[in-house]
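Remarks on the overall topology
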Amino acid sequence: MSEIRAKKIWRNGELIDWEQATVHVMAHALHYGSSWFEGIRCYKTARGSEVFRLPEHVNRLFDSCKIYRANIPFSKQEIIEAILQTIDANNLEQCYIRPLVFRGAGAIGVNPLPAPIESYIIVWEWGSYLGEDAMENGVDLCVSSWHRAAPNTFPSMAKAGGNYLNSALIKMEATLDGFAEGIALDSEGFVSEGSGENIFLVRGGRLYTSSLNSAILPGITRDSVITLARDAGYEVVEQKIPREMLYLADEVFVTGTAAEITPVRSIDRIVIGEGKRGPVTAVIQRRFFDYVEGKVDDRYGWMTPVRTKKLTIDD
Ligand code: PPE
């Protein structure tokens, strides 16, 4: 396990030392999974450090909390400012950002409403998610024996800590069986998503991705890929995807803030297409990385600059 550490963590409005960011064992979230979080990336670009789709991630955090009747005691703008401040305080040119809101200690029992809301922002350097050579050569996936939660059980549009027990079952099964990741089906048996990524397939020059009614997290990378792919002239279809369509695809790739755009070379040991990164995946990858690394204009207004250190007279 690589060491994950930074200097400062933002907690309820102030920056504290990394070591001080501890939680009481009676925190509601520890007992009942009542937490909500985001994963955001800050990239080093030619224009300086910039955060990718920051307002969209903050909106999704507030959406996740709204579903669970948790009121964040800060405005969206305050959370945005706090994220930029935390990156700056840690002096990181690029990093992964984890805003985390949870029900803390102060009430006993399942009812979360009396438990206080705690808000944190954590940043650290996080490299490749699905293995070092994954971006070039692709990864091997399996279809998980675990399904995503049925509608009316756990809302998948909330990025809630509790949902990740399902993700953990998928991920453990996949990795212990020698796969990089598992793809879960929804409760009807259609393709949903990976433990921490959305999924796309390419067939006949067209892109397909599971629709929101397949228990997916509405991924912000997924949304960005849909836009960039249409930009590149590809048709993108959001629909219910039968499992076998994965095996018959010309190309498959997964998307997520941590995973970015990772090609898939096999699923359940069935070779996908040529068994390596396909040409459409390569185009999407290039357009994505050119965008986040600031090699092209920010035509969609997706990048938020991190305030850099103020220059002093001596500089
Ligand atoms: N589905 C799930 C279940 C999921 O966790 C993620 C992100 C996505 C789809 C893609 O969403 P987006 O990041 O908005 O494109 N998973 C986050 C957590 C990963 C982790 O291991 O922790 C992430 O990529 O940051």
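Before any of the text, the structure's been laid out above.
What comes next is a walk through the structure. As the structure is a prediction and not an experimental result, all values here were calculated from the model.

When a strand is regular, its side chains alternate between the sheet's two faces. Of all 8 residues in strand β7 (residues 117-124), 7 are buried, a share of seventy percent or more. For strand β1 (residues 8-11) and β7, the ladder comprises 2 bridges, and the chain directions are antiparallel. Note on β7: the bridge partner recorded for Trp10 is Ile121. One ladder, built from 8 bridges, connects strand β6 (residues 95-103) with β7; its direction is antiparallel. Note on β7: the bridge partner recorded for Pro99 is Ile121.

Ranked by internal contacts, the top residues of the largest apolar core, which has 29 residues, are Val51, Leu54, Ile72, Ile79, Ile83, Ile87 and Ile97. Counting residues per element, the ones that place at least two in this core are β4 (40-45), α2 (54-67), α3 (76-90), β6 and β7. No other element matches α3, which puts 6 residues into this core. Not counting the four nearest positions on each side in its chain, Ile87 is found in contact with Cys42, Val51, Leu92, Cys95, Ile97, Val123 and Val306. If you look at the next biggest cluster of nonpolar residues, it comprises 22 residues, including Val139, Leu185, Tyr208 and Val264.

Another point: the site of the ligand. Near the ligand, the surroundings consist of 23 residues, among which Tyr96, Tyr129, Tyr164, Thr221 and Thr257 are the closest. Here an oxygen atom of the ligand and a side-chain polar atom of Tyr164 are 2.5 Å apart. For the ligand, a nitrogen atom lies 2.6 Å from a polar atom in the side chain of Glu193. Protein chains shield 92% of the accessible area of the ligand, which is 550 Å² for the free molecule. Under a 2 Å grid-point criterion requiring more than half of the atoms, the pocket assigned to the ligand is the largest pocket. Listing elements by their share of the shell around the ligand, those giving two or more residues are β6, β10 (191-194), α6 (220-231) and β14 (251-256). Classifying every residue of the shell around the ligand gives 7 nonpolar, 10 polar and 6 charged. Lining the shell around the ligand are residues from two domains, each supplying at least three of them: domain 1 (8-127) and domain 2 (134-277).

Before going further, it helps to spend a moment on the packing of aromatic side chains. Tallying each qualifying case throughout the model produces 15 aromatic pairs. Each ring, one from Phe200 and one from Phe253, has its centre 5.1 Å from the other, and the planes form 5°; the classification is stacked. In this pair, Phe200 sits in strand β11 (residues 198-203) while Phe253 sits in strand β14, placing the two residues 53 residues apart along the sequence. Across the pair, Phe253 and Phe200 agree in class, each one buried. Members of the aromatic cluster, joined through ring pairs, are Phe52, Phe288, Phe289, Tyr291, Tyr300 and Trp302. Cation over ring: Lys171 sits above Tyr129, and NZ or CZ is 5.4 Å from the ring centre.

Bringing unusual backbone geometry into the picture now. With phi around 55°, Arg69 is a residue other than glycine that occupies positive phi space. Within the secondary structure layout, Arg69 lies in the loop between α2 and α3. Phi at Asn91 is positive, roughly 55°, even though this residue is not glycine. Along the chain, Asn91 turns up in the loop between α3 and β6.

The end-to-end C-alpha distance of α2, which contains 14 residues, comes to 20 Å, matching closely the 20 Å that a straight helix rising 1.5 Å per residue would cover. Residues of α2 that are buried include every one of Leu54, His57, Val58, Arg60, Leu61, Phe62, Ser64 and Cys65, and no others. Directly after α2, the chain includes Arg69, whose backbone phi takes a positive value near 55°.

For the rest of this paragraph, the subject is the pairing of β14. Within β14, 6 of the 6 residues are buried, which leaves the element mostly enclosed by the surrounding structure. The side-chain alternation of β14 yields two buried faces, one formed by Glu251, Phe253 and Thr255 and the other by Val252, Val254 and Gly256. In this sheet, β14 lies alongside β11 in antiparallel orientation, the contact comprising 5 bridges. Looking across to β14, one finds that Phe200 is bridged to Phe253.

Another aspect to go through is the layout of surface pockets. Looking at the largest pocket, its volume works out to about 790 Å³. Around the largest pocket, the lining is made up of 42 residues, and of these Phe37, Lys159, Tyr164, Ser167 and Ser195 lie nearest the centre. Sort the elements by how many residues they give to the lining of the largest pocket and helix α5 (residues 164-176) lands first, with 4 residues. Its residues assigned to classes, the lining of the largest pocket shows 16 nonpolar, 19 polar and 7 charged. Viewed by domain, the lining of the largest pocket spans two of them, domain 1 (8-127) and domain 2 (134-277), each represented by three or more residues.

Take helix α8 (residues 279-292) next. For α8, which comprises 14 residues, the first-to-last C-alpha distance of 20 Å matches the rise-based estimate of 20 Å (1.5 Å per residue) to within 8%. For α8, every residue scored as buried is listed here: Val280, Thr281, Ile284, Gln285, Phe288, Phe289, Tyr291 and Val292. An end-on view of α8 places all buried positions within 155° of arc, on one side of the element. A positive backbone phi angle near 70° is found at Gly294, which sits one or two residues after α8.

Each value, and the rule that gives it
- Residues numbered from 1 in each chain as written.
- Predicted model: local features only at pLDDT ≥ 70, side-chain atom pairs only at ≥ 80, totals over all residues.
- Heavy atoms only, no water.
- Buried < 20%, exposed > 50% of the residue type's maximum accessible area, 1.4 Å probe, protein only.
- Helix = DSSP H or I, 4+ residues; strand = E, 2+ residues; numbered from the N terminus.
- Pairing = 2+ DSSP bridges.
- Core = buried A, V, L, I, M, F, W, Y, C linked by side-chain atoms within 4.5 Å.
- Contact = heavy atoms within 4.5 Å.
- Near = heavy atom within 4 Å.
- Polar contact = N/O pair within 3.5 Å; in protein donor to acceptor, adjacent residues only side chain to side chain.
- Areas by Shrake-Rupley, 256 points an atom, 1.4 Å probe, with all protein chains shown as cover.
- 1 Å grid on protein atoms, 1.4 Å probe; cavity = no way out; pocket = protein on both sides within 12 Å on 5 of 7 lines; lining within 4 Å.
- Sits in = over half its atoms within 2 Å of the grid points.
- Nonpolar A, V, L, I, M, F, W, Y, C, P; charged D, E, K, R; others polar.
- Domains from an automatic or database assignment.
- Phe/Tyr/Trp six-rings, centres within 6.5 Å; stacked < 30°, edge-to-face > 60°.
- Lys NZ or Arg CZ within 6 Å of the ring centre and 35° of its normal.
- Expected span 1.5 Å × (residues − 1).
- Points joined across faces, edges and corners; volume = space filled by probe spheres on them.
- Arc of directions from axis to C-beta.

Purely spatial values, then, with no claim about function.
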